[in-house]
Amino acid sequence: MLPAPYDRVLDELRTVLPDGRLITDPLRTLAYGTDASFYRLVPKIVAVVEDEAEVIALLRLCRAHRTPVTFRAAGTSLSGQAVSDSVLAVLGDGWRGCRIAPDAATVTLQPGVIGAEANRKLAPLGRKIGPDPASIATARIGGIAANNASGMCCGTAQNSYRTLASLRLVLADGTVLDTGDEASRAGFRASHGALLSALADLAGRTRADAVLAERIRTKFRIKNTTGYSLNALVDFTDPIDILAHLMIGSEGTLGFLSEITLHTVPEHAHKASALLFFPDIAEACRAVALMKPTPVAAVELMDRAALRSVQDKPGMPAGIAALGAEAACLLVETRGEDEAALVRNVAAITAALEGTRRIGAAAFTTDAKACESYWKIRKGLFPAVGAVRRIGTTVIIEDVAFPLDRLAEATVELQSLFARHGYHEAIIFGHALEGNLHFVFTQSFDTDAEVERYRRFMDEVCAMVVDRYDGSLKAEHGTGRNMAPFVEKEWGPQAYALMQRIKALLDPEGLLNPGVILNGDPDAHLKNLKPLPAADALVDTCIECGFCEPTCPSHKLTLSPASASSAGARSPGGPPRGAIRRR
């Protein structure tokens, strides 16, 4: 029996959605209470929506009953954006639309399209989408845009915000706006003139405040997904364009993205990669700064602990196990329009590295299989740590960015924080070219002492990133729940007030994904923590990242593998058939 008002919401939803797409049983709601983060919230109702009309009806029903709603695409969110204890709207299979412009300069995608699938369609035309998160083979466009995810190569120039051409969105009141359609824009100006005037006024006052405007521009010169995309207020003057860009990175808290058109970017066929080894991480970071002006497409940093976690994997060069305790590695890729351009690129990068202290030569390879193996190893660092973690602990991945000229200093300080708080298994890797580091560590939440250790560690990390380096607490994974209490610390009260005003304008009842991005509870990141008790050797190594979902044999037959290992494998009686993940 559902509590009020969920019983009434469910009754009314039955007039819109078939019973087969309305889920309230304890097993499946528990399953959908899990995403790739370390939080769990069990939804009262899971509604599988297949088209925009159903989303509109759902939003209007929830608004009428003042019932919160959260949207979920693939559920690979790492910061708790895709879980809810209210109504969880899950994208069904009806969101796979993909239209490529005749010149392939743009692509129009519905939110259920997997990022890698969009690239497969664009590849024969020599194009791709700009965002390239490590989860691109699983993550869907809706989540990629809603989190402003970036990745290995796109930096800050080719993310969803920078490559946005137009989008179609559904606001909290059920209104639809297609920013690429002039008739829709005109209709929205007539129906929502007050909202647009308020946004225009907010942007005008922000631009007029020279100190605040420059603060915003500075914050977005490095990767930043902490809070809302305030750069929209200084980058654009048309309030509809401001609204469109505020939606990017809003994590479902301002509206629903039902379609997005992105400018595509070149996908050069000629590529070369190299694994470069250095005696310590400071020297590796110095090399990154030297390569920044050269034609590199990506520079990925791996510290010694990260290398240790993958040194025995197929495709890794021999001799890594013999590297010193302070050694570090850079995975470098460059791309060219043709073979001659690629040769010039490699020569320029190699020249820039002269004078750096390296272990071995700077040997680039164009062998496609070798390059692919390097990148598979890099993308596999996160689950590699999870596979060897102590049973009962969860894997946490944090995502920060520093000014590039202070990357070496910040990295060394981060390593000292690990040691001081007892996270001796922690690894550091990331998109060094952008000063963007990911650090992965394992954490138990089964005692108050362990939760308190996590609290102290995160407080120190936030103080270090913000106070010492003026960096980003979230560079590309989105704010979610685990960094929401720290948004004001990073941005300061004036910018935070702008974010609160934006939320109030677009979601005045506060019903869209509450608790995410803006959260007044200073302990929100310590609540609703997901337990991972021992279950069975077959599933205990699973970290519930969801990366395996698209290729899992059980997909669409039973519980989604993105959540079923937690709900099924740890429920009394064992897992439902097909619910055990393959790794």
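Scroll up to find the structure this text is about.
Being a predicted model, the structure only gives us computed values, none of them experimental.

**Q** Which parts of the structure should I look at to understand the sheet that holds strand β1 (residues 22-23)?
**A** Sheet strands line up and pair through hydrogen bonds in the backbone, either parallel or antiparallel. As summarised here, the arrangement of the 4 strands in space is β1-β2-β4-β3, forming an open sheet in which the pairing is mixed. At either end of the open sheet lies a strand with only one pairing partner, and these are β1 and β3 (69-72). Note that β3 and strand β4 (residues 87-91) share 4 bridges and pair parallel. Looking at the pairing, R72 lines up with V90 of β4.

**Q** Just checking my understanding: could you explain helix α20 (residues 493-506) for this structure?
**A** Since there are 3.6 residues in each turn of an α-helix, residues three or four apart along the chain are aligned in direction. Taking 1.5 Å of rise per residue, 14 residues should cover 20 Å, and α20 covers 20 Å from first to last C-alpha, within 8% of that figure. Turning to α20, its buried residues number three or more, namely A495, Y496, L498, M499, I502, K503, L505 and L506. Its buried side turned inward, α20 meets α8 (193-208), α9 (210-219), α10 (231-235), α11 (239-247) and α19 (487-491).

**Q** Teacher, can you tell me more about the packing of helix α7 (residues 182-191) against α8 here?
**A** Describing two packed helices takes the angle between their axes plus the distance from one axis to the other. Running from amino to carboxyl end, α7 crosses α8 at an angle of 90°, the nearest separation of the two axes being 5 Å. The angle between α7 and α8 falls in the class roughly perpendicular. Where α7 abuts α8, its residues F188, R189, A190 and S191 lie against G193, L195 and L196. Class assignment for the residues of the contact of α7 with α8 results in 4 nonpolar, 2 polar and 1 charged.

**Q** Explain the pattern of salt bridges to me, please; I cannot follow it from the model alone.
**A** For side chains bearing opposite charge, pairing can occur when the charged atoms are close. On inspection of all chains with the given rule, the structure shows 42 salt bridges. The partner of E283 in a salt bridge is R286, with the nearest N and O atoms 2.9 Å apart. One end of the pair, E283, and the other, R286, are both in helix α12 (residues 281-291), 3 residues apart, so they sit about a helical turn from each other. Accessibility expressed as a relative area gives 39% for R286, which makes it partly exposed. Between E434 and K292 there is a salt bridge, with its nearest N and O atoms 3.7 Å apart.

**Q** Looking at this model, I keep getting lost on the sheet that holds strand β17 (residues 436-443). Mind explaining?
**A** As summarised here, the arrangement of the 6 strands in space is β12-β14-β13-β16-β17-β15, forming an open sheet in which the pairing is antiparallel. What marks the edges here is a single partner per strand, and that holds for β12 (270-278) and β15 (394-401). Across the sheet, the mean angle from the axis of one strand to that of its neighbour is 15°, orientation sign disregarded. Across 5 bridges, the pairing between strand β13 (residues 298-302) and strand β14 (residues 328-336) is antiparallel. What sits directly across from V299, in β14, is V332. Packing against the sheet, α12 makes contact with β12, β13 and β14, and its axis sits at approximately 15° to β14. The strands touched by helix α14 (residues 339-352) are β12 and β14; relative to β14, the strand with the most contacts, the crossing angle is about 150°.

**Q** Looking at this structure, I do not really get the packing of aromatic side chains. What am I missing?
**A** The description of two aromatic rings rests on the distance between their centres and on the angle between their planes. Under the defined criterion, the tally for this structure stands at 17 aromatic pairs. The interplanar angle of 90° and the centroid separation of 6.2 Å between the aromatic rings of F439 and F457 together place this pair among those described as edge-to-face. Separated by 18 residues along the polypeptide, F439 in strand β17 and F457 in helix α18 (residues 448-468) bring together distant segments of the chain. A relative accessible area of 0% means that F439 is categorised as buried. According to the relative accessible area criterion, F457 is buried, its value standing at 0%. Ring pairs connect the aromatic residues F38, Y39, F418, Y423, F439, F441, F445, Y454 and F457, which therefore count as one cluster.

**Q** How do you make sense of the pairing of β14 when you look at a structure like this?
**A** Looking down a regular strand, the side chains alternate between one sheet face and the other. Counting buried positions along β14 gives 9 out of 9 residues, so the element sits mostly inside the fold. Judged by which residues are buried, β14 turns out to be covered on both faces: A328, L330, V332, T334 and G336 on one side and C329, L331, E333 and R335 on the other are all buried. Relative to β14, β12 runs antiparallel, the two sharing 9 bridges. Its bridge partner lying in β14, K271 is registered against R335.

**Q** What should I look at first to understand the packing of α8 against α9 in this one?
**A** Direction vectors running N to C along α8 and α9 enclose 95°, while the axes themselves pass 5 Å from each other. Taken together, the axis directions place α8 and α9 in an arrangement best described as roughly perpendicular. In contact with T206, R207 and A208 of α8, α9 contributes A210, L212, A213 and I216. Its residues assigned to classes, the contact of α8 with α9 shows 5 nonpolar, 1 polar and 1 charged.

Rules and cut-offs
Residues numbered from 1 in each chain as written. Predicted model: local features only at pLDDT ≥ 70, side-chain atom pairs only at ≥ 80, totals over all residues. Heavy atoms only, no water. Pairing = 2+ DSSP bridges. Helix = DSSP H or I, 4+ residues; strand = E, 2+ residues; numbered from the N terminus. Expected span 1.5 Å × (residues − 1). Buried < 20%, exposed > 50% of the residue type's maximum accessible area, 1.4 Å probe, protein only. Contact = heavy atoms within 4.5 Å. Axes fitted to C-alpha atoms, helices over the stretch in contact; angles between N-to-C directions. Parallel < 35°, antiparallel > 145°, perpendicular 65-115°, else oblique. Nonpolar A, V, L, I, M, F, W, Y, C, P; charged D, E, K, R; others polar. Salt bridge = Lys/Arg side-chain N within 4 Å of Asp/Glu carboxyl O. Phe/Tyr/Trp six-rings, centres within 6.5 Å; stacked < 30°, edge-to-face > 60°.

Everything listed here is a matter of coordinates, which is why it stays silent on function.
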